[in-house]
Amino acid sequence: MTPQELKNSILQLAIQGKLVEQRPEEGTASTLKKELLQKKAELLASSKILKKSKTKPFWDIDDLFDIPASWEWVQLADVSIIQEGAGIRKWQYRDTGTQILCVTNILEGSIDLEKKQLFISTEEYQEKYTHLTLNKGDIVTSCSGGSWGKIAFFNCDETMMLNTSTLRMRFFGDLADNNYLYYVCKSSFFKRQLVLQLSGMQPNFGYAHYSRIMLPLPPLAEQKRIVAKIEKLLPYIYRYEKAWNRLEDLNKRS
């Protein structure tokens, strides 16, 4: 089993409810689902998020894998912010001002602000784009081109905004564990729902594609235990990956 296959397997076990045990005292996710839907309604009513046309889920629940009885299937658009970046053009770029998060800045699991630096004037940002301001803890992803699917948490102190081909997600009101959402987004199940929506050779995903994705929602306490278990396993996976890469290098030289 390759390191990537091992990662995929662990994430799949996690989202199927097979990585940690279920505990009856933690209740069910049905109340959490209602709370997330209520929070979405409040944000819409206060115009803090924009109302968008309801999209049909990518798969019917009957076509999805089985999950524990205490879990709920939810549509991503019903439980999470999904916001695309603005289509900033070259003529808008400036040497200084408010930095724009570019696809190039998003690495797998981290953000490198030095890798590419693009700015628009702070005046233009304040006039037109403050609604695209990134917040610490946002999950950001590249959603087009050859690097699509790279994902990381935005934990930078700088004021930044989303750019073309970038997208952010976050559970409404932080009512659920955004770390759990992050690992769901890294799963092959999540990515497959995007791949199957490809309409051409060039990957180019946006709100319409992400909003249709279905994801399994455990009770909040179980989400936290799943995240803790994954992060306990990660150091062992990294060691295995290093050993695998060393072995491959030796095989190439021989």
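Heads up: the structure comes first, above all this text.
Residues numbered from 1 in each chain as written. Predicted model: local features only at pLDDT ≥ 70, side-chain atom pairs only at ≥ 80, totals over all residues. Heavy atoms only, no water.

Caption draft 1: Summary view of the sheet that holds strand β3 (residues 98-101). Reading across the sheet, the three strands line up as β6-β3-β9 and stay open at both edges, with mixed pairing between neighbours. Every interior strand has two partners, whereas the edge strands, β6 (118-120) and β9 (160-162), have only one. Pairwise comparison of adjacent strand axes, ignoring direction, gives a mean angle of 45° for this sheet. Bridge count between β3 and β6: three bridges; the pairing is antiparallel. Paired with I100 across the two strands is L118, which belongs to β6. (Pairing = 2+ DSSP bridges. Helix = DSSP H or I, 4+ residues; strand = E, 2+ residues; numbered from the N terminus. Axes fitted to C-alpha atoms, helices over the stretch in contact; angles between N-to-C directions.)

Caption draft 2: Inspection of the environment of A29 at higher detail. Its place among the elements puts A29 in the loop between α1 (3-15) and α2 (30-45). Exposure remark for A29: the relative accessible area of 0% places this residue in the buried category. It is 22 Å that separates the C-alpha atoms of A29 and I10, two residues lying 19 residues apart in sequence. Setting aside anything within four residues of it in sequence, one finds A29 in contact with S70, W71, E72, L217, P218 and P219. (Buried < 20%, exposed > 50% of the residue type's maximum accessible area, 1.4 Å probe, protein only. Contact = heavy atoms within 4.5 Å.)

Caption draft 3: Spotlight on the packing of helix α5 (residues 178-186) against helix α6 (residues 188-195). α6 packs onto α5 with a crossing angle of 60° between their chain directions and a minimal axis gap of 4 Å. In terms of their interaxial angle, α5 and α6 are classed as oblique. Contacts between α5 and α6 involve V184, C185 and K186 from the first element and S188, F190 and K191 from the second. (Parallel < 35°, antiparallel > 145°, perpendicular 65-115°, else oblique.)

Caption draft 4: Highlighting the pairing of strand β10 (residues 166-171). β10 sits mainly inside the fold: six of its six residues count as buried. What you see with β10 is no split at all: T166, R168 and R170 on one side and L167, M169 and F171 on the other are buried throughout. Bridge analysis of strand β2 (residues 80-84) against β10 gives five bridges, and the strand direction is antiparallel. Across the sheet, residue S80 finds its bridge partner in β10, namely F171. Of the strand pairs in this sheet, strand β7 (residues 138-142) and β10 are connected by four bridges, and their pairing is antiparallel.

Caption draft 5: View of the nonpolar core. Membership of the largest hydrophobic core comes to 53 residues, with the highest contact counts inside it found for L76, M169, F190, Y210 and I230. By residue number, the principal contributor to this core is α5, which donates six residues. Each residue touching Y210, except ones within four places of it in the same chain, is listed here: L76, I82, T141, S142, C143, L167, M169, F190, L194 and F205. Formed by eleven residues, the second largest nonpolar core is a distinct cluster that contains I106, I111, L134 and V140. (Core = buried A, V, L, I, M, F, W, Y, C linked by side-chain atoms within 4.5 Å.)

Caption draft 6: Looking closely at the packing of aromatic side chains. Applying the stated criterion to the full structure yields nine aromatic pairs. Aromatic pair F190 and Y210: ring centres 6.1 Å apart, planes at 55°, arrangement tilted. Of the two residues, F190 is situated in helix α6 and Y210 in helix α7 (residues 207-210); the sequence distance between them amounts to 20 residues. The buried category is assigned to F190, whose relative accessible area is 2%. Ring pairs connect the aromatic residues W59, F65, W73 and F189, which therefore count as one cluster. (Phe/Tyr/Trp six-rings, centres within 6.5 Å; stacked < 30°, edge-to-face > 60°.)

Caption draft 7: Structural detail: the sheet that holds β7. The sheet built from four strands is open, its strands ordered β2-β10-β7-β8 with antiparallel pairing. Whereas interior strands pair on both sides, the edge strands pair on one side only; in this sheet they are β2 and β8 (151-154). Taken pair by pair, the neighbouring strands of this sheet meet at an average axis angle of 25°, ignoring direction. The pairing of β7 with β8 spans four bridges and is classified as antiparallel.

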